[in-house]
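Listed below are the residues making up each chain.
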Amino acid sequence: QVQLVESGGGLVQAGGSLRLSCAASGKIFSRNAMGWYRRAPGKERELVATISSSGGRTSYADSVKGRFTISRVITTYTLYLQMDSLKPEDTAVYYCAAFRGSVVFSNDEPEYWGQGTQVTVSS
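Keep in mind that this is a model prediction, so the values were computed, not measured.

**Student:** Describe the overall build of the chain, and please don't skip the residues or the numbers.
**Tutor:** Counting its regular elements, the chain contains one helix and 11 strands. When the elements of the chain are put in sequence order from the N terminus, they spell out β-β-β-α-β-β-β-β-β-β-β-β. What you see for the chain is a C-alpha radius of gyration of 13 Å, in line with the 14 Å of a compact globule of 123 residues. Projected onto the principal axes, the alpha-carbon positions of the chain cover approximately 40 × 30 × 25 Å. With 123 residues in all, the chain has 42% of them scored as buried. Carbon and sulfur atoms form 46% of the exposed surface of the chain, whose accessible area is close to 6700 Å². Within the chain, one finds 13 positive and 10 negative side-chain charges whose respective centroids are separated by 6 Å.

In structure tokens:
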């Protein structure tokens with residue numbers, strides 16, 4: 001069984017910070033690239049950030065670059081998304097995902113998904 005469980009979402013004021021966490025199985029976490037997606041009503045699903053299996057390669061959507069940081073701690077099988085300088089347009093459900101390979105390419109689709117955690121940024 002593969003489980004991805006997100007936590008850390010909530011309500012914050014614009015300019016504030018949140019850190020999202022994703023707990024994963026050790027087998028998947030150690031061998032697979034992972035990432036964060038988000039979906040807001042009226043908007044297409046957006047790939048926010050990705051990280052390779054080793055943690056050495058990361059990528060970010062232009063909309064969050066410089067504000068969000070993705071990381072992974074192998075010893076605890078946990079993926080993180082540190083979100084700073086939050087804006088109302090960051091409001092969305094955020095999903096943890098695991099990819100089949102060790103590195104994410106532009107056309108890759110996730111193999112596994114978490115159930116999501118709500119992030120709401122007020123004005």
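Still more to cover.
**Student:** Explain the environment of Y112 to me, and be specific about the residues and the numbers.
**Tutor:** Its place among the elements puts Y112 in strand β10 (residues 112-113). What makes Y112 partly exposed here is its relative accessible area of 28%. When the C-alpha positions of Y112 and T69 are compared, they lie 21 Å apart, and in sequence the two are 43 residues distant. What Y112 contacts, discounting residues up to four positions off in sequence, is V2, L4, I28, C96, A97 and A98.

**Student:** Now, about the packing of aromatic side chains: what can you tell me, with residues and values included?
**Tutor:** The full count for this structure, using the stated rule, is three aromatic pairs. An angle of 85° between the planes, with centres 6.2 Å apart, marks the rings of Y95 and W113 as edge-to-face. Of the two residues, Y95 is situated in strand β9 (residues 92-98) and W113 in strand β10; the sequence distance between them amounts to 18 residues. Of the aromatic side chains, those joined through ring pairs into one cluster are Y37, Y95, F99 and W113.

Cut-off values and rules
- Residues numbered from 1 in each chain as written.
- Predicted model: local features only at pLDDT ≥ 70, side-chain atom pairs only at ≥ 80, totals over all residues.
- Heavy atoms only, no water.
- Helix = DSSP H or I, 4+ residues; strand = E, 2+ residues; numbered from the N terminus.
- Rg over C-alpha atoms; globule rule 2.2 N^0.38 Å.
- Buried < 20%, exposed > 50% of the residue type's maximum accessible area, 1.4 Å probe, protein only.
- Areas by Shrake-Rupley, 256 points an atom, 1.4 Å probe, with all protein chains shown as cover.
- Lys, Arg positive; Asp, Glu negative; His and termini not counted.
- Charge placed at Lys NZ, Arg CZ, Asp CG, Glu CD.
- Contact = heavy atoms within 4.5 Å.
- Phe/Tyr/Trp six-rings, centres within 6.5 Å; stacked < 30°, edge-to-face > 60°.

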